[in-house]
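Chain by chain, the residues:
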Amino acid sequence: MKIAIHGRNFPESARPYIQSMFEELARRQTEVIISQGYRDFLDNAGVTHYSEATYTIEDGVTDADFIFSLGGDGTLLDAVTHVGARQIPIIGINIGRLGFLATVAPASVRLMIDSIFNEQYSIDERTLVSVRSSQDIFGKLPFGLNDFTITRTQTSSMITVHTYLDGEFLNSYWADGVIISTPSGSTGYSLSCGGPVLLPQTNNLIITPISPHNLNVRPMIVMDSCQLSFEVESRSGNFLAALDSRSFTVETSVRISVQKEAFKARLVKLSDDNFLNTLRSKLNWGWDIRN
């Protein structure tokens, strides 16, 4: 088996679990390839990883059975771009904070590896959004797992986002911006702006305005088979376009459209991984003195 590994810096408390993971993979004679930046960090941190093989973020992972993401949800979003259309299954080990996507606890890493080798897992396919524009904004990575957002720049006032659904005018959002969220991203930025939570397998996208000037404007759910397109007005002549954690300043002359990506992100789901349990745990549902 060949495992690709990507991660970010970690607290000292996580070191024993990460070292244990590499030792377990070495014991099983697993071929390991590590993202170049993370390998440099591991070397500086004194973690023995038993591997000299690396891959660059620019080239991504071209050949692996799985990719382990060590960090929070942001690290897993990075791993999605490393895999792309190759759709290599991703396992999120939560060394971050919230962890809606990265659900494996560090203390459970050895059990997780055992489950992988014994094929005791399922694959959870997640919808991605694809962004097309009259100007090349996101290069070779025009897709994202969580959301695409149009927002005002820090120095600009409110913007107007003219939005079209399959070419038909929907609304002009006078706001700080608009979020187009997948079901996976419904527990992220969209949720903090009043958007609904969707189950991961829901075939929808969410349009969520950010601080709208028209208070009767509310988040809207649309089918993910549709195409959304946007024209932006801004006094500054530009706006921010963000796809997951990647953002760029764009001039208002640029036209943008968003639709469902042709391929999906494949997340590994272990037997004890339940989205409803994750919701209750991460959002503190039911935390009441009466319960």
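Computed from a predicted structure; not experimentally measured.

Visitor: Explain helix H4 (residues 109-117) here, please?
Guide: It helps to recall that an α-helix has 3.6 residues per turn; residues three or four apart then point in one direction. Every buried residue of H4 is accounted for by Val 109, Met 112, Ile 113, Ser 115 and Ile 116. Axial view of H4: buried residues confined to an arc of 160 degrees, hence all on one face. Each element contacted by the buried residues of H4 is listed here: helix H1 (15-27), strand S4 (66-71), strand S5 (90-94), strand S6 (121-126) and strand S19 (265-270). Positive phi appears at Glu 119, one or two residues downstream of H4, with a value of about 55 degrees.

Visitor: Looking at this model, I keep getting lost on the pattern of salt bridges. Mind explaining?
Guide: It is possible for side chains of opposite charge to pair when their charged atoms get near one another. Tallied over the full model, the rule gives 15 salt bridges. Arg 8 serves as the salt-bridge partner of Asp 78, at 2.6 Å between the closest nitrogen and oxygen. Remark: Arg 8 occurs in the loop between strand S1 (2-7) and H1 and Asp 78 occurs in helix H3 (residues 73-83); sequence separation between them is 70 residues. Judged by relative accessible area, Asp 78 falls into the buried class, the value being 18%. Assessed through its relative accessible area of 38%, Arg 8 is described here as partly exposed. Across the pair Arg 28 and Asp 114 runs a salt bridge, and its minimum N-O distance is 3.1 Å. Here the residue Arg 28 occupies a position in the loop between H1 and strand S2 (31-35), and Asp 114 occupies one in helix H4, the gap between them amounting to 86 residues. Since its relative accessible area comes to 24%, Arg 28 is described here as partly exposed.

Visitor: Sorry if this is basic, but what is going on with the environment of Asp 63 here?
Guide: Looking at where Asp 63 falls in the secondary structure, it is placed in the loop between strand S3 (54-55) and S4. Asp 63 sits 19 residues away from Asn 44 along the chain, and the two C-alpha atoms are 26 Å apart.

Cut-offs used in this document
- Residues numbered from 1 in each chain as written.
- Predicted model: local features only at pLDDT ≥ 70, side-chain atom pairs only at ≥ 80, totals over all residues.
- Heavy atoms only, no water.
- Buried < 20%, exposed > 50% of the residue type's maximum accessible area, 1.4 Å probe, protein only.
- Helix = DSSP H or I, 4+ residues; strand = E, 2+ residues; numbered from the N terminus.
- Arc of directions from axis to C-beta.
- Contact = heavy atoms within 4.5 Å.
- Salt bridge = Lys/Arg side-chain N within 4 Å of Asp/Glu carboxyl O.

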